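Report on the structure
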Number of protein chains: 2
Amino acid sequence: MEKQKKKKVDRRVQYTKMVLRQSFIDLLEKYPISKITIKSICEKADINRTTFYAHYADQYDLLNQIKQELIDDVHVYLANFTFHDNKSESVQLLNKIFEYIKENSKICSVLLNDTTDAAFYEQIMAIVQNLCMEQLTKKAFNQNTVDYIISFAATGSIGLIRKWLDTGMKEPTYTMAEIILKLTNQGLTAFV
Amino acid sequence: MEKQKKKKVDRRVQYTKMVLRQSFIDLLEKYPISKITIKSICEKADINRTTFYAHYADQYDLLNQIKQELIDDVHVYLANFTFHDNKSESVQLLNKIFEYIKENSKICSVLLNDTTDAAFYEQIMAIVQNLCMEQLTKKAFNQNTVDYIISFAATGSIGLIRKWLDTGMKEPTYTMAEIILKLTNQGLTAFV
DNA sequence: TTGATACTAAACAATGTGTTGATTTTTTGT
DNA sequence: ACAAAAAATCAACACATTGTTTAGTATCAA
């Protein structure tokens, strides 16, 4: 009963956050984050600078919130799916992810190119892990080695996605899902 | 004859650059680059701010020069080796690299954690590519797919190294060289 | 020693930062 | 429709950093 009352978000707040976020992303496409000032974000968004500070500590805080929203968004997007170790299911699921990335390619490009924040990176990796490496953790590998393999596969997948985004998301001979699954699953067999 | 005269670098310049660089790296270990001011670097180094501007445009320029020096350093470090597709040679070579990283773990940690700069990333990836993926390009794969695989393996390797650095460079059950080679080579076989 | 080069110190305008308090506008609940 | 609450605005503020200039000093290489 207590948490039932979800505070309705003020329309103004919604608008302010939306427009600040959008300005910021637009700027991020043109300039490195180090050159983007709070002032410039606010001017582009036509929002008072004082208002910015009411919502965010600084640019990086704004960036983090954008990241978090994306993570949540992806989780919602995938929530409907049930997981099986059936291979075609994995492919289907990964395809769904690439569909999502394609739809949100603009923001994904920006966010994946900034990997200074380890937390975001690891959350993305966690998603990949859950999708592609179920069988990995089940088998009785040496845990130490497993961690390294997971790092490799997860980071590699992100690199793959970045390349895909940078080159205009052209579908290669194999689908992205196929490539990822083949590379990860096959890589594992080296350690069985 | 023309280019023979290599200008001797002034000792003062050498000292200035060295101490600025060192201060910067020290600060990078403690604070995110966005919080590091030119002023703070200079104060720590006890160098006049005007002098900083004589050598670097800003913090990011300094960072780039540090990166470039590291790349050059690695190339020199590996220059003595000759390449074979003999497997044990590859292992030896990779071990050499991990030796280098271990010796320079402080700076490597800092530099590898900032991947906003694609150029540096790609130069590191190029080294990994040349070392581990000779046989890859030789085979008649579909070029489109090859590019993706290279991205995956190279980025994955960097992720692996980052993890290794973050966890104190403990030697896992398999050596790092073994893991990288197994994962990359094995991953390839999926596309033969 | 000498000429060249590099560093320092001080001052400068320009820009961005983060916070304040008073005021206006919009939303929400009744 | 109205009053209370919440949010955005505005102007002003002290402050820090930036990047550049100028003149003087110290160090270097030869």
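Residues numbered from 1 in each chain as written. Chains lettered and ligands numbered in written order. Predicted model: local features only at pLDDT ≥ 70, side-chain atom pairs only at ≥ 80, totals over all residues. Heavy atoms only, no water.

1. A few points about the interface of chain B and chain A
- With 41 residues of chain B at the contact, the number on the chain A side is 41 residues.
- In this assembly, chain B packs against chain A so that about 3,600 Å² is buried in total across both faces, 67% of it on carbon and sulfur atoms.
- Broken down residue by residue, the surface that chain B buries against chain A is led by B:Y148, B:F152 and B:L183, which jointly contribute 23%.
- Inspection of the chain B/chain A interface yields two salt bridges.
- Of all the secondary-structure elements, those providing two or more residues to the side of chain B that touches chain A are α9 (143–166) and α10 (176–189) of chain B.
- Sorting elements by how many residues they give to the side of chain B that touches chain A places α9(B) first, with 16 residues. (Contact = heavy atoms within 4.5 Å. Buried area = accessible area lost by both parts, 1.4 Å probe. Salt bridge = Lys/Arg side-chain N within 4 Å of Asp/Glu carboxyl O. Helix = DSSP H or I, 4+ residues; strand = E, 2+ residues; numbered from the N terminus.)

2. Re the protein's contact with DNA strand C
- Neighbouring residues of DNA strand C: 19 residues in total, closest A:K39, B:R12, B:T16, B:N48 and B:T51.
- Near the protein, within 4 Å, the atoms of DNA strand C are sugar or phosphate in 66% of cases.
- At 2.9 Å from a base nitrogen of DNA strand C is found a side-chain nitrogen or oxygen belonging to A:R49.
- Between DNA strand C and the protein, one listed contact pairs a phosphate oxygen with a side-chain N or O atom of B:H55 at 3.0 Å.
- Elements with a contribution of two residues or more to the surface near DNA strand C: α1 (11–30), α2 (38–45) and α3 (49–55) of chain A together with α1 (11–30) and α3 (49–55) of chain B.
- Here the surface near DNA strand C is built from residues that sort into four nonpolar, seven polar and eight charged. (Near = heavy atom within 4 Å. Polar contact = N/O pair within 3.5 Å; in protein donor to acceptor, adjacent residues only side chain to side chain. Nonpolar A, V, L, I, M, F, W, Y, C, P; charged D, E, K, R; others polar.)

3. Let's talk about the packing of α1(B) against helix α6 (residues 105–113) of chain B
All names here are of chain B.
- It is at 10 Å that the axes of α1 and α6 come closest, and there the two elements cross at 65 degrees. In this structure, α1 crosses over α6, and the sense of that crossing is left-handed. Residues R21, Q22, I25, D26, L28 and E29 of α1 lie in contact with α6, whose contacting residues are K106, I107 and V110. (Axes fitted to C-alpha atoms, helices over the stretch in contact; angles between N-to-C directions. Left-handed = near helix turned anticlockwise from the far one by under 90°.)

4. Notes on the environment of A:I66
- Residue placement: A:I66 occurs in helix α4 (residues 59–79).
- When neighbours within four sequence positions are excluded, A:I66 is seen to be in contact with A:R21, A:F24, A:I25, A:I107 and A:L111.

5. Quick notes on the packing of aromatic side chains
- This structure, assessed with the given rule, holds nine aromatic pairs over all chains.
- An angle of 85 degrees between the planes, with centres 5.8 Å apart, marks the rings of B:F52 and B:Y53 as edge-to-face.
- With relative accessibility at 0%, the residue B:F52 sits in the buried group.
- Assessed through its relative accessible area of 43%, B:Y53 is described here as partly exposed.
- Three or more aromatic residues joined by ring pairs make a cluster, and in this case those are A:F52, A:Y53 and A:Y56. (Phe/Tyr/Trp six-rings, centres within 6.5 Å; stacked < 30°, edge-to-face > 60°. Buried < 20%, exposed > 50% of the residue type's maximum accessible area, 1.4 Å probe, protein only.)

6. Section: the environment of A:I158
Residues and elements named next belong to chain A.
- For I158, the position within the fold is in helix α9 (residues 143–166).
- What makes I158 buried here is its relative accessible area of 1%.
- The sequence separation of I158 and L112 amounts to 46 residues, and the corresponding C-alpha distance is 7.7 Å.

7. Quick look at the relation of the copies chain B and chain A
- After a rotation of 180 degrees and a shift along the axis of 0.1 Å, chain B superposes on chain A with an RMSD of 0.1 Å. On the angle and the small slide along the axis, the relation comes out as a two-fold axis. The C-alpha atom lying nearest the rotation axis in chain B is that of B:G156; the distance is 1.8 Å.
- The share of interface residues of chain B whose copies in chain A are also at the interface is 100%, consistent with both copies meeting through the same surface. (Least-squares fit on C-alpha atoms with pLDDT ≥ 70 in both.)

8. A closer look at the protein's contact with DNA strand D
- Taken together, 19 residues lie around DNA strand D, and A:T51, A:H55, B:R12, B:K39 and B:R49 are the ones closest in.
- In DNA strand D, the atoms that sit within 4 Å of the protein are 62% sugar and phosphate, with bases accounting for the remainder.
- The separation between a phosphate oxygen of DNA strand D and a polar main-chain atom of B:I38 is 3.3 Å.
- Those elements that place two or more of their residues in the surface near DNA strand D are α1 and α3 of chain A together with α1, α2 (38–45) and α3 of chain B.
- A breakdown of the residues in the surface near DNA strand D according to their chemical character gives four nonpolar, eight polar and seven charged.

9. A few points about α9(B)
Residues and elements named next belong to chain B.
- Spanning 24 residues, α9 covers 34 Å between terminal C-alpha atoms, matching the ideal 34 Å at 1.5 Å per step.
- α9 sits mainly inside the fold: 19 of its 24 residues count as buried.
- A positive backbone phi angle near 75 degrees is found at G168, which sits one or two residues after α9. (Expected span 1.5 Å × (residues − 1).)

10. Comments concerning the pattern of salt bridges
- Throughout the structure, instances matching the rule amount to 13 salt bridges over all chains.
- We note a salt bridge from B:K35 to A:D58, for which the minimum N-O separation is 3.4 Å. Of this pair, B:K35 sits in the loop between α1 and α2 while A:D58 sits in the loop between α3 and α4, each in a different chain.
- Overall, A:D58 belongs to the buried group, its relative accessible area being 16%.
- For A:E99, the salt bridge goes to A:K96, with nearest N and O atoms at 3.5 Å. Here A:E99 pairs with A:K96, and both are found in helix α5 (residues 87–103), just three residues apart, close to one helical turn.
- Residue A:E99 is classed as partly exposed on the basis of its relative accessible area of 36%.
- For A:K96, a relative accessible area of 25% corresponds to the partly exposed category.
- What you see here is one network of salt bridges that share partners, running through A:D26, A:E29 and A:K106.

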